[in-house]
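Examination of the molecular architecture
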There are 2 protein chains.
Amino acid sequence: MPGPQAGSILVVGGTHGNEPNAPWLLQQWQRQPDGLQHHGFALQLVVGNPAALAVGRRYIERDLNRSFAEALLADSQRQSLEVRRARELLQAHGAQGASPALVAIDLHSTTAAMGNSLVVYGRRPADLALAAGIQQRLGLPVYLHEADQAQQGFLVERWPCGLVIEVGPVPQGLLHAGIGRQSQLALEAALAVLHQAASGSLRLPPALVVHRHLGSVDLPRHGDGTPSALLHPRLLGLDWAPLRPADPVFLSAEGHPTALAAVLPERLQGEPCLWPVFVNEAAYGEKGIAFSLTRRERWPLTDTALAALRGLAQGLTRRQAA
Amino acid sequence: MPGPQAGSILVVGGTHGNEPNAPWLLQQWQRQPDGLQHHGFALQLVVGNPAALAVGRRYIERDLNRSFAEALLADSQRQSLEVRRARELLQAHGAQGASPALVAIDLHSTTAAMGNSLVVYGRRPADLALAAGIQQRLGLPVYLHEADQAQQGFLVERWPCGLVIEVGPVPQGLLHAGIGRQSQLALEAALAVLHQAASGSLRLPPALVVHRHLGSVDLPRHGDGTPSALLHPRLLGLDWAPLRPADPVFLSAEGHPTALAAVLPERLQGEPCLWPVFVNEAAYGEKGIAFSLTRRERWPLTDTALAALRGLAQGLTRRQAA
């Protein structure tokens, strides 16, 4: 029986209103709950930004998935549609909300060739254990996002445990059966890991392979802000693949290539190899990000991580078996 | 020397504000006119919908590329931003405008796997001759759009000669060097054909291969409008490829396929083979178009077509050679 902290699992789609595949899946599962292998967990299937979804835009006033910073939520002067929606989601589904959820899985898509992948924010032990469990099942690559002052306030950070399932490439605004299928497979893997964690049968691999965020690179631009070069065709589609300083990353209108070494921030000069992610994500143009750079690292998993996930999972509500 | 009807060539990009590759090319050519092989023609490089481009949306109030119907332009009650912009473009660059253009080339991109292709509206002889000249040089497929009451009022129809260069797949809102390169190649081929037509050296092939529009098919939907199935993965990417009645076109959430025969309009039942185009164009969801169907036809080219293009091309202004 669930204890006093019993809670559900929040599954969010449409945090960005121009990523319609996850909202479409949520609708199908609401019609046919057994279309998703849910292990009896109480799931809350929620559209993150319904107003933006209705008009097919990423957001109305500001990016909802940058609107969960605590200072922003606490600032009563901040009343944009998305900050209000963030508060509403927390009041309804937060760990201390009306229908408390202990784990948040946020389903996203991208125009970048990320394949089926996970994004984890920071180094919370339960997040790392959940990511490791999914990686063990499906081999998904993990983008560990941290220490980026320009990109803060992600939804899943406000729940005790959570991660993003990020699938691409798919254009914005486009339904695509394959993208939906991959999203569902990753979500079902997450639920299976939580099920094992709750029952005490989860065993984790000795280490988690992460791609740790080190920084981002914008397109070269003229003085007026117009891009003077675009991503080099040889970089497109090569998310997660090793990139070396001499490799071309940009191509000018006149056909001149620019090598990675020429655009690396000073603190990354000397790195023999980096791994790009989110190469040409359409929504990141306005954020000044043509691609992000990571380092592939192998992080040993501690018993603390497994224990943290177990503790959380034991607090999850399970429906009575029929 | 150009005669009294001398005019220029209008090259439009950004008729849809979420197709940024052509506007980016226009900017590069404005900086570096010789970055485009222009054969000395006077070109007018114009952003179709600057307001929509600024916010990265297809349009603000209505699709500019459905706003050029004569009845719409003549109706003084119709004052949406796009109808006003259509009138403005015609006043500035129309054949009777302030800076008259005789030929309009409208550069588009699509999320569908159309490759590098041409769209021609109706059967104007000069359009067919221009398309044939480009097809002869680059082998591009031609989508001949006509007789569709639901889709009317395309920009190029209001110029004496014109066509769309349509390149994909590329997500909306995304700069992509390869898409730009293909657009430029097709535009340069068009200019080379016009150059030959003006000098009298143009020879056309005996026939033009067109894919003639026969109708469009929407996704199957539940009563509330939600799609009950998505495009079948086996159809994705197969624009221009033969599609037979037994071939699957949709896949339901439960994994059930639907064959083409089950969704064909009655008047197309019995067709042994059709050729789909614009398969999963993101912008066509709101138009109720999951894909369009065409028939591949070989149209003999008449002397009239060549003569019509020659007559027009001789009216084009050429800059003096340096």
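Position numbers for residues count from 1 along each chain, tracking the sequence in the order it is written. All chains are assigned letters beginning at A, and all ligands numbers beginning at 1, according to the order in which they are written. Residues qualify for local features only when their pLDDT is at least 70, as the model is predicted, and side-chain atom pairs are given and counted only at 80 or more; totals for whole chains, interfaces and linings, by contrast, use all residues.

1. Brief notes about the overall build of chain A
The test is simple: Helix numbers and strand numbers start at the N terminus; a helix is a DSSP run of H or I with at least 4 residues, a strand a run of E with at least 2. Note that the radius of gyration is over C-alpha atoms, with the globule rule given as 2.2 Å times the number of residues to the power 0.38. Every C-beta atom is placed from the backbone, and the number of other C-beta atoms within 10 Å of a residue's own sets its class: buried at 20 or more, exposed at 12 or fewer, partly exposed in between. This entry defines residue contacts through backbone-placed C-beta atoms, with two residues in contact when those atoms are within 7 Å.
When you go through chain A residue by residue, the secondary structure sums to 7 helices and 12 strands. For chain A, the C-alpha radius of gyration of 20 Å lies close to 20 Å, the compact-globule estimate for 322 residues. Each principal axis of the C-alpha distribution contributes one length, and for chain A these read about 65 × 45 × 40 Å. Of all 322 residues assigned to chain A, the portion counted as buried reaches 49%. Taking the intrachain contacts of chain A between residues at least 6 apart in sequence as the baseline, contacts between residues at least 24 apart amount to 74%.

2. With respect to the relation of the copies chain B and chain A
Selection criterion: We superpose the copies by least squares over the C-alpha atoms of residues that have a pLDDT of at least 70 in both of them.
Under the fitted operation, chain B is carried onto chain A by 0.0 Å of movement along the axis and a turn of 180°, and the coordinates agree to an RMSD of 0.0 Å. Both chain copies can therefore be described as sitting about a two-fold axis. Taking C-alpha positions as reference, the residue of chain B nearest the rotation axis is B:P171, located at 2.1 Å. Interface residue correspondence from chain B to chain A reaches 100%, placing this contact among same-surface, isologous pairings.

3. A closer look at the sheet that holds strand β5 (residues 142-145) of chain B
Residues and elements named next belong to chain B. Test applied: When DSSP finds two or more bridges between a pair of strands, those strands are recorded as paired. Between N-to-C directions, angles cover 0 to 180 degrees, with each direction set by a line fitted to C-alpha atoms, over the stretch in contact for helices.
Across the sheet, 9 strands lie side by side as β2-β1-β3-β6-β4-β5-β7-β12-β11; this open sheet has mixed pairing. Looking at the sheet topology across the chains shown, the edges are occupied by β2 (43-47) and β11 (275-277). Averaged over neighbouring strand pairs, the angle between their axes works out to 30° when direction is ignored. For strand β3 (residues 101-109) and strand β6 (residues 161-168), the ladder comprises 7 bridges, and the chain directions are parallel. Looking at the pairing, L107 lines up with I165 of β6. Helix α1 (residues 21-31) contacts β1 (8-13), β2 and β3 of the sheet and is inclined by roughly 135° relative to β2.

4. Regarding the domain arrangement of chain A
All names here are of chain A. To be explicit about the condition: Start and end positions for the domains come from either an automated domain assignment or a database one. For this classification, the nonpolar set comprises Ala, Val, Leu, Ile, Met, Phe, Trp, Tyr, Cys and Pro, the charged set comprises Asp, Glu, Lys and Arg, and every other residue, Gly included, is treated as polar.
Annotation of chain A at the domain level lists domain 1 (8-206 + 301-314) and domain 2 (215-299). Contact with domain 1, which involves 9 residues of that partner, is made by 11 residues of domain 2. Classifying every residue of the side of domain 1 that touches domain 2 gives 5 nonpolar, 3 polar and 1 charged.

5. A few points about the nonpolar core
As a reminder of what qualifies: In these notes, a nonpolar core means any group of buried Ala, Val, Leu, Ile, Met, Phe, Trp, Tyr and Cys residues linked to one another through C-beta atoms within 7 Å.
Of all hydrophobic cores here, the largest spans 198 residues; its most connected members are A:V103, A:L309, B:V103 and B:L309. Apart from residues no more than four positions distant in its own chain, A:L309 is found in contact with A:A126, A:A129, A:L130, A:C161 and A:A197.

6. Brief notes about the sheet that holds strand β8 (residues 229-231) of chain B
Residue and element names in this part refer to chain B. With antiparallel pairing, the 3 strands of this open sheet are ordered in space as β8-β9-β10. Only two strands of the sheet have a single neighbouring strand rather than two, namely β8 and β10 (257-259). Direction aside, neighbouring strands of the sheet carry axes that sit 35° apart on average. Taken together, the 3 bridges between β8 and strand β9 (residues 248-252) define a ladder with antiparallel strand orientation. Bridge pairing in β9 links L230 to L251.

7. Brief notes about the pairing of strand β9 (residues 248-252) of chain A
Residue and element names in this part refer to chain A. Bridge count for β9 against strand β10 (residues 257-259) is 3 bridges, and the pairing is antiparallel. Pairing of F250 across the sheet is with T258, part of β10. Two successive antiparallel strands, β9 and β10, enclose a turn made up of 4 residues, where G255 displays a positive phi of approximately 95°.

8. With respect to the interface of chain B and chain A
At the junction of the two partners, chain B supplies 24 residues and chain A supplies 24 residues. Every element with two or more residues in the side of chain B that touches chain A is listed here: α1, α6 (177-199) and β8 of chain B. In terms of residue count, α1(B) provides more of the side of chain B that touches chain A than any other element does, 3 residues in total. Classifying every residue of the side of chain B that touches chain A by side-chain character gives 12 nonpolar, 11 polar and 1 charged.

9. Here we look at the packing of α6(B) against helix α7 (residues 303-314) of chain B
Residue and element names in this part refer to chain B. We count it as follows: Orientation labels follow simple angle bins: below 35 degrees gives roughly parallel, above 145 gives roughly antiparallel, 65 to 115 gives roughly perpendicular, and whatever is left gives oblique.
For the pair α6 and α7, interaxial distance at closest approach is 8 Å and the crossing angle is 90°. Regarding the angle of α6 to α7, the classification is roughly perpendicular. Counting all contacts with α6, which are made through L194, A197 and A198, the residues of α7 involved are L309, R310, A313 and Q314. The residue makeup of the contact of α6 with α7, split by class, is 5 nonpolar, 1 polar and 1 charged.

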